[in-house]
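The residues making up each chain are set out below.
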Amino acid sequence: MRSPVIAVLATLATTANAQTAEQSQGSGLEEVVVTAQRRSENLQSVPIAVTALTADMLEKQGIGRSLDITNVTPGLVITPAVTAPQIYIRGVGTLNAAPGEESSNAVYVDGVYLAALPSAIFSFNNIERIEVLKGPQGTLFGRNATGGLIQVVTRDPSFDNTYKVDLSYGNYQTTAASAYISGGLSDNVALDLAGSFSDQGEGFGVNRFNGREVGKTRDKSVRSKLLWNVSEDTVIRFAADYSEAATSAGPARSVIPGSVALGGQQFLGDPQDLNFNLHPWAETSGGGASLRIEHDWSWAKLLSISAYREGTFDVDSDQDSTALAIVNAQVRTDFSQLTQELQLQSNQDGRLQWIAGLFYLASETNQTPFGLSGASQAAVGGFTNRFASQDTDSYAVFAQSNYSFTDSTRLTTGVRFSKDERGITGRDETGIGTRNVVDRETSFDSTTWRLALDQKLSDDVMVYGSYSRGFKSGIYNLLAPTAPPVRPEQLDAFEVGLKSELFDRTVRANLSSFYYQYSDIQLSQQVPGGVFLLNAAEATMYGLDAELLAEPFDGLTLRGGLNLLHAEYDSFPGAPYTLPSPATCATNPPSLLAGPRTGGNTTCATNAAGNDMVRAPKWTLNFSADYRWLTSIGAFSASANYYYNDGYFPDPDNRIHVPSYSLVNAEVGWWSESERFGVRLWARNLLDKEYYSNIVTSTGDNGTAGLPRMYGITLSVKH
C-alpha cells in the first residue's frame, strides 16, 4: 500500500535540517515521557502511534472520566453499554459488553490489566498521564490486545506535603467533590490518598410508565498508593482502590424516531424519556490491590507486578424498551481476577536493548443469575433464572529487543506465545424445571509478533514502519452458555509513521498510516433475552491518524487530531439482518412485507460482504485551544474543545446509521497569584447537541441518548 505519509517525508526532513542550527535545546514544547515500550522514553522516539494525555491537558479539557478521552484521541470511539464500555481503536473492538467478556483493546492501570469490562469506567483525580497505543500489543504487555490498549499511569506519592481539593456544583442538581493528599512518612516512605464523589440529583428524562426520573448517576471512589524506596536499587509500590457507581442512564434505551417498537410504541418526542415497565438501573462496585517491586542490577532490571481484583455488577434492563412486560432482564454478576507479571529488561547503555516477560491471569465470572421474565417466558412457566460461571487461566511468555545499527537506525523485533484455558458451567432454572445443564472447557493458543524499523532523518524527525500480529482468544457466552465458544480473532497490521518537531520545536506533528487484515472477527447481536456471539469471516481496514500540538506564542496551546478510516467486511456469510416487522427472510436479501409496521423487528441472515464494519466512523476530528495569561490579580485561562464524529453503523447489516454529531466543551478559570486558590466555570456539550451514543436493533430500533448540556462551577484549593 502506498502510504500518504511518504509524500510529506522529504519536505519535513528538509525543513527540520534547516532549523537544526537555529534551535535551542531549552525552548519549545515540553518533552512528553511515555512508557509505551515499558521504558521511560520520549514520545517522539517511540515507533508506535501513541496519543499521550497528560494530567494538565486532561484538566484543561474537562476530561474527568475514562469515557471522555474519545474527545481528544483520534481513532478512539468509546460508547457506553449498560455498565461497560465498548472500546474501539481504528475500528477494532469488542461489541459484546456482557459479563465474562474481555475487550480486544486492553486497559491497564499502573501496569495492572483490567479483565472485567465494567472496571474500565472510572473517574480521574490522581492521574499522571494516559497513553492510548494503537495497533496490536502483546510483545511488551501481559495480556494480548488485538487493536491497541489504554494505559493509565497514576501519580506517585510525593515526599513533600501536598494536597488538592475540588468542589463542584452543576445543573441537574449535580454535586461533586474530589481530593488528593500526599506526603512523606519517613525519608524513604511516602503515601497518598485520592478520593472522589459525585451525585446527580435530577435526571435527564422521565420514565413515563411510572413517572420516575431516569438518567441519574452517582459514584464514589478511593485510591491510595504507598511508595517505599527500600534502597538505591529496590523500589516497592503498593496500591489499593475501591469504587461504587449506580446509574439509570446505561440501561436506558428509547425508541428512535421513525421506528415502531413492540406493541406499537413510537418515539416519545424526547430522546431522554422512556416508557419502561421495568425501571432501568445498574450498579457496580469493586476494587483491588497491587504490589509492584522493582530491583536494579548493574546489567538488568527485574519487575514484578502482582494484583488481585474483584467486584459485582447488577443490571435491571427492559430489553423490549416498552411499557409491555415482554422481555424483562435482571442480571446479577460477580467477578474476580488474579494476575502476576514478571519482566526482566536490560539496564545498560548499548546498541542492544531487550525485555522478556511472563504473564499469568486467573479470572472467574459468576452469573447469579441472569433472570428473564415477561411474555417471552410464557412457554417455560413465566421465568428463567440462568446461572453460569466462566473461568479463565491464561499463560504467556513474551520478549522484545531493540538493536541500533547506527545512532539513527534501529530495528525492533518481538515475539509472544499465549495460551488460554477456558471453562464454563451453567443451567437454567425455569417455571417447569431445570434445563440446559452445561459443563465444558476448551483452550486456545497463538504465537504473535512485532517487527519495526525506525530511522531518524534529523534530531527532530523520525520515520518508522512496522508489521505486527494481534490475537484475541475465543470465549464462551455467559448469557447463552449452551452455545459453542466463538473462535479466536486475528489481525495483521502494517503501519508507516512519522514523528516530527518543527519551527524551533513549537510544533509537534505526528502521522501514521495503517493497513489491517482482520479475520474471524468476534461480534455480538442482542436478541430478546440475551446476546448471540458470532464470528465475521474477514475484513480489510486502512486509514490515517494525524496529531498536531503547537505553542505559537507563550500561553497559547493548540491541539488537533484527525482519523480517516475505511473499514469493510470482505466476507461475512450469515450476518444477522434485522428488518422492521412485518418482514420475510424467504427472499434474497430479506425484505419488508406490505402494509404498516406492526412493531418490533424480524431477524434474518444475509451476506454482509462489502458492508461497513461496526463502530467505524469514516472520520473523526478533534481540536482544542487553551490560553493562559497572567495579571496583577492572578492567572486567567480559557479553553475550548471541539469533537466531530462522522457517524457509524451499529450493526453489520448497515440498516441503521448513527448520525454524525459535533460536541463542544468550554471552560474559563482563574488561579490566585500564589496558585493556591482557583475557580472554573465549565460547560460540556455546550451547544446542547442531541445525539445517540448507542443504538441496538434486537426487539426494535432503540437508542441510548448522549449526555445533554452540562455546566457548572468548580472551586479548588491546593498546596
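Structure report, in brief. Counting of residues starts from 1 at the beginning of each chain's written sequence and follows it residue by residue. Confidence filtering applies because this is a predicted model: local features only for residues at pLDDT of at least 70, side-chain atom pairs given and counted only at 80 or more, and all residues used for totals across whole chains, interfaces and linings. Side-chain numbers come from the whole structure's heavy atoms, not from hydrogens or water.

Considerations on the sheet that holds strand β4 (residues 76-81)
The test is simple: Two strands pair if DSSP finds at least two bridges between them. A helix here means a DSSP run of H or I that spans at least four residues, while a strand means a run of E at least two residues long, and both kinds are numbered starting from the N terminus.
Overall, antiparallel pairing links the three strands, which are arranged β4-β5-β6 in an open sheet. Both edges of this open sheet fall to β4 and β6 (92-93), since each of them pairs with a single strand only. As paired elements, β4 and strand β5 (residues 84-89) share six bridges and run antiparallel to each other. In the strand pairing of β5, threonine 79 is matched with glutamine 86.

Considering the nonpolar core
This is how it is decided: Residues belong to one nonpolar core when they are buried, are Ala, Val, Leu, Ile, Met, Phe, Trp, Tyr or Cys, and are joined through side-chain atoms within 4.5 Å. Think of it in three bands: with a 1.4 Å probe and only protein chains considered, a residue is buried below 20% of the maximum accessible area for its type, exposed above 50%, and partly exposed in between. We call two residues in contact whenever any of their non-hydrogen atoms come within 4.5 Å of each other.
Within the largest apolar cluster, 24 residues are counted, with the highest numbers of intra-cluster contacts made by Tyr518, Ile521, Leu523, Tyr569, Phe572 and Met613. Contributing elements (two or more residues each) for this core: β27 (489-502), β28 (507-527), β29 (530-550) and β30 (556-571). Ranked by residues supplied to this core, first place goes to β28 with five residues. Those residues in contact with leucine 523, other than ones at most four positions away along the chain, are Leu95, Phe532, Leu533, Leu534, Ala536, Tyr569, Phe572, Val614 and Pro652. Ranked by size, the runner-up nonpolar core spans 22 residues in total, among them Val32, Leu43, Tyr113 and Phe359.

Quick notes on the layout of surface pockets
Selection rule: Grid points spaced at 1 Å and placed over the protein atoms alone form the basis of the search, with a cavity being a set where a 1.4 Å probe fits but cannot get out and a pocket an open set showing protein on both sides within 12 Å along at least five of seven lines. Lining residues have an atom within 4 Å of a point. Grid points are joined across faces, edges and corners, and a volume is the space filled by probe spheres set on the points. Each residue gets one label: Ala, Val, Leu, Ile, Met, Phe, Trp, Tyr, Cys and Pro are nonpolar, Asp, Glu, Lys and Arg are charged, and the others, such as Gly, are polar.
Estimates place the volume of the second largest pocket at around 950 Å³. Lining the second largest pocket we find 47 residues, and of these Val32, Arg508, Leu549, Thr557 and Arg559 sit closest to its centre. Mapped by element, the contributors of at least two residues to the lining of the second largest pocket are β3 (49-54), α2 (55-60), β9 (127-134), β27, β28, β29, β30 and β35 (619-631). With six residues, the top contributor of residues to the lining of the second largest pocket is β3. A class-by-class count of the residues in the lining of the second largest pocket yields 21 nonpolar, ten polar and 16 charged.

Focus: the sheet that holds strand β39 (residues 692-696)
Reading across from one edge, β18-β40-β39 is the order of the three strands in this open sheet, with antiparallel pairing throughout. Lying at the two open borders of the sheet, with one neighbouring strand each, are β18 (254-255) and β39.

Description of the pairing of strand β25 (residues 433-458)
Where strand β24 (residues 409-430) meets β25, 21 bridges bridge the pair, whose relative direction is antiparallel. Looking at β25, one finds that threonine 430 is bridged to glycine 433. Counted along the chain from β24 to the antiparallel partner β25, the turn is two residues long. Of the strand pairs in this sheet, β25 and strand β26 (residues 461-472) are connected by eight bridges, and their pairing is antiparallel. Each bridged residue has a counterpart across the sheet, and for aspartate 454 the counterpart in β26 is tyrosine 464.

A look at empty space enclosed by the protein
Under the definition given, this model contains 15 cavities of 30 Å³ or more. Of all the elements in the fold, those that place two or more residues in the lining of the largest cavity are β5, β20 (300-318), β21 (328-346), β22 (352-373), β23 (383-404), β28, β29 and β39. With five residues, the single largest contributor to the lining of the largest cavity is β21. Considered class by class, the residues forming the lining of the largest cavity number 22 nonpolar, 20 polar and seven charged. Empty space within the second largest cavity amounts to approximately 130 Å³. Together, 15 residues line the second largest cavity, and Arg143, Asn144, Phe471, Lys472 and Ser473 are the ones closest to its centre.

Considering the environment of serine 103
Structurally, the position occupied by serine 103 is in the loop between β6 and β7 (105-109). Put simply, serine 103 and glycine 147 are 44 residues apart on the chain and 9.4 Å apart in space, counted from C-alpha to C-alpha.

Observations concerning unusual backbone geometry
The step from threonine 368 to proline 369 runs through a cis peptide bond, and the omega angle for that step is -5 degrees. Its location among the elements puts proline 369 in strand β22. Residue asparagine 588 is joined to proline 589 through a cis peptide bond whose omega torsion reads 5 degrees. Within the secondary structure layout, proline 589 lies in the loop between β32 (583-584) and β33 (591-592). Of note in this structure, aspartate 110 is not a glycine but carries a positive phi near 55 degrees. Within the secondary structure, aspartate 110 is located in the loop between β7 and β8 (112-113). Even without a glycine there, the phi angle at arginine 505 is positive, about 60 degrees. The residue arginine 505 is located in the loop between β27 and β28 in this model.

Let's talk about the state of the cysteines
The criterion, for reference: Cysteine sulfur atoms that come within 2.5 Å of each other are treated as a disulfide pair.
This model, assessed by the stated rule, comprises one disulfide. Covalent S-S linkage joins cysteine 585 and cysteine 604, the inter-sulfur distance amounting to 1.9 Å. Taking the torsion about the sulfur-sulfur bond, which here is approximately -75 degrees, the covalent link between cysteine 585 and cysteine 604 counts as left-handed. Note that cysteine 585 is positioned in the loop between β32 and β33 and cysteine 604 in strand β34 (residues 601-606), a separation of 19 residues in sequence. A relative accessible area of 7% places cysteine 604 in the buried class.

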